[in-house]
Amino acid sequence: MPKLMLVVSAELKNIAILQPQDGCDDETINYFFKLECEYCGWISEDEACVSINVKEKSTGNRRNDNPNLARKCQGCERQGQISLIPGHGAPLSQNHCTEVDLMLFHCDGLLPVEYSFNGGWLATTTSGREIHVDLTMGEFTNVIDGVEVSISKLKAKFVPYWG
């Protein structure tokens, strides 16, 4: 049962900090990604939505009785689940905006792939103003207090976690 870390990168212009709205352990932010079966390699066409505060009932003999996502593979029909493990993420900042750990995923049968950025992000400008940003379009640009701020070149990947 692997653990995977969601690692994100962005180019920040006049943005001091970028993070989920209530911090890296935000219980209300939704994580959107496709699913891959560990057993048969099937990849979902649609994205799954997972949140820390949403628990699903696991079916079958799984170790975790309250995962954040429990699904049956549409390829081989085996049951799989994913649980989010808070406490391992950090915000992106001007000095640390490449390969930043965001959230840890504990996987059993299903793996997250192809993360999609969404709404629910909070950016703090270099002047200290907080702005709510929607990253569904893959970038954000605005003029705040006469200064252009931008978030661009968003990247995300899931990497093995050995901690």
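Above this note sits the structure.
Residues numbered from 1 in each chain as written. Predicted model: local features only at pLDDT ≥ 70, side-chain atom pairs only at ≥ 80, totals over all residues. Heavy atoms only, no water.

(A) Representation of the sheet that holds strand β12 (residues 140-144). Read from one edge of the open sheet, 6 strands run β5-β6-β8-β1-β13-β12, paired in antiparallel fashion. Of all the strands in the sheet, just β5 (69-72) and β12 have a single pairing partner and so form its edges. Along the sheet, successive strands turn relative to each other by an average axial angle of 25°, direction set aside. As paired strands, strand β1 (residues 3-13) and strand β8 (residues 100-108) are joined by 6 bridges and run antiparallel to one another. Across the sheet, Met-5 pairs through a bridge with Leu-104, a residue of β8. (Pairing = 2+ DSSP bridges. Helix = DSSP H or I, 4+ residues; strand = E, 2+ residues; numbered from the N terminus. Axes fitted to C-alpha atoms, helices over the stretch in contact; angles between N-to-C directions.)

(B) Structural detail: the sheet that holds strand β9 (residues 110-116). The strand order β4-β3-β9 describes an open sheet built from 3 strands, whose pairing is antiparallel. A strand with exactly one partner marks an edge of an open sheet, and here the two such strands are β4 (48-50) and β9. The sheet shows a mean angle of 50° between the axes of neighbouring strands, direction not considered. With 5 bridges connecting them, strand β3 (residues 31-37) and β9 associate as antiparallel partners. Paired with Leu-35 across the strands is Pro-112, a residue of β9.

(C) How the structure looks around the packing of aromatic side chains. Applying the stated criterion to the full structure yields 7 aromatic pairs. Judged by centre distance (6.0 Å) and plane angle (75°), the rings of Phe-33 and Phe-158 are edge-to-face. Here Phe-33, found in strand β3, pairs with Phe-158, found in strand β13 (residues 147-160); they are 125 residues apart in sequence, far enough to count as distant. The same class applies to Phe-33 and to Phe-158, which are both buried. With 5.2 Å between their ring centres and 90° between their planes, Phe-105 and Phe-158 make a pair best called edge-to-face. Here Phe-158 lies in strand β13 and Phe-105 lies in strand β8, a separation of 53 residues in the sequence. Counting every residue linked through ring pairs, the aromatic cluster contains Tyr-31, Phe-33, Phe-105, Tyr-115, Phe-117, Trp-121 and Phe-158. (Phe/Tyr/Trp six-rings, centres within 6.5 Å; stacked < 30°, edge-to-face > 60°. Buried < 20%, exposed > 50% of the residue type's maximum accessible area, 1.4 Å probe, protein only.)

(D) Looking closely at the pattern of salt bridges. Following the criterion strictly, the structure yields 6 salt bridges and no others. In this structure, the salt-bridge partner of Arg-71 is Glu-56, at a minimum N-O distance of 3.5 Å. Pair noted here: Arg-71 is in strand β5 and Glu-56 is in the loop between β4 and β5, with a separation of 15 residues, a long-range link. On the basis of relative accessibility, which here comes to 33%, the residue Arg-71 falls in the partly exposed class. (Salt bridge = Lys/Arg side-chain N within 4 Å of Asp/Glu carboxyl O.)

(E) Structural detail: the pairing of strand β6 (residues 79-85). When you tally the buried positions in β6, you get 6 out of 7 residues, the bulk of the element. As paired strands, β5 and β6 are joined by 4 bridges and run antiparallel to one another. Counted as the bridge partner of Ala-70 is Gln-81 from β6. Here β5 folds back onto β6, and the loop between the two strands holds 6 residues, one of which, Glu-77, carries a positive phi near 65°. In this sheet, β8 lies alongside β6 in antiparallel orientation, the contact comprising 4 bridges. If you follow Leu-84 over to β8, its bridge partner there is Phe-105.

(F) Representation of unusual backbone geometry in the model. With a phi angle near 60°, Asn-14 is a residue other than glycine that sits in the positive phi range. Here Glu-99, not a glycine, exhibits a phi torsion of approximately 55°, which is positive. You can see Glu-99 is positioned in the loop between β7 (92-93) and β8.

Scope: geometric values only; no functional claims are made or implied.
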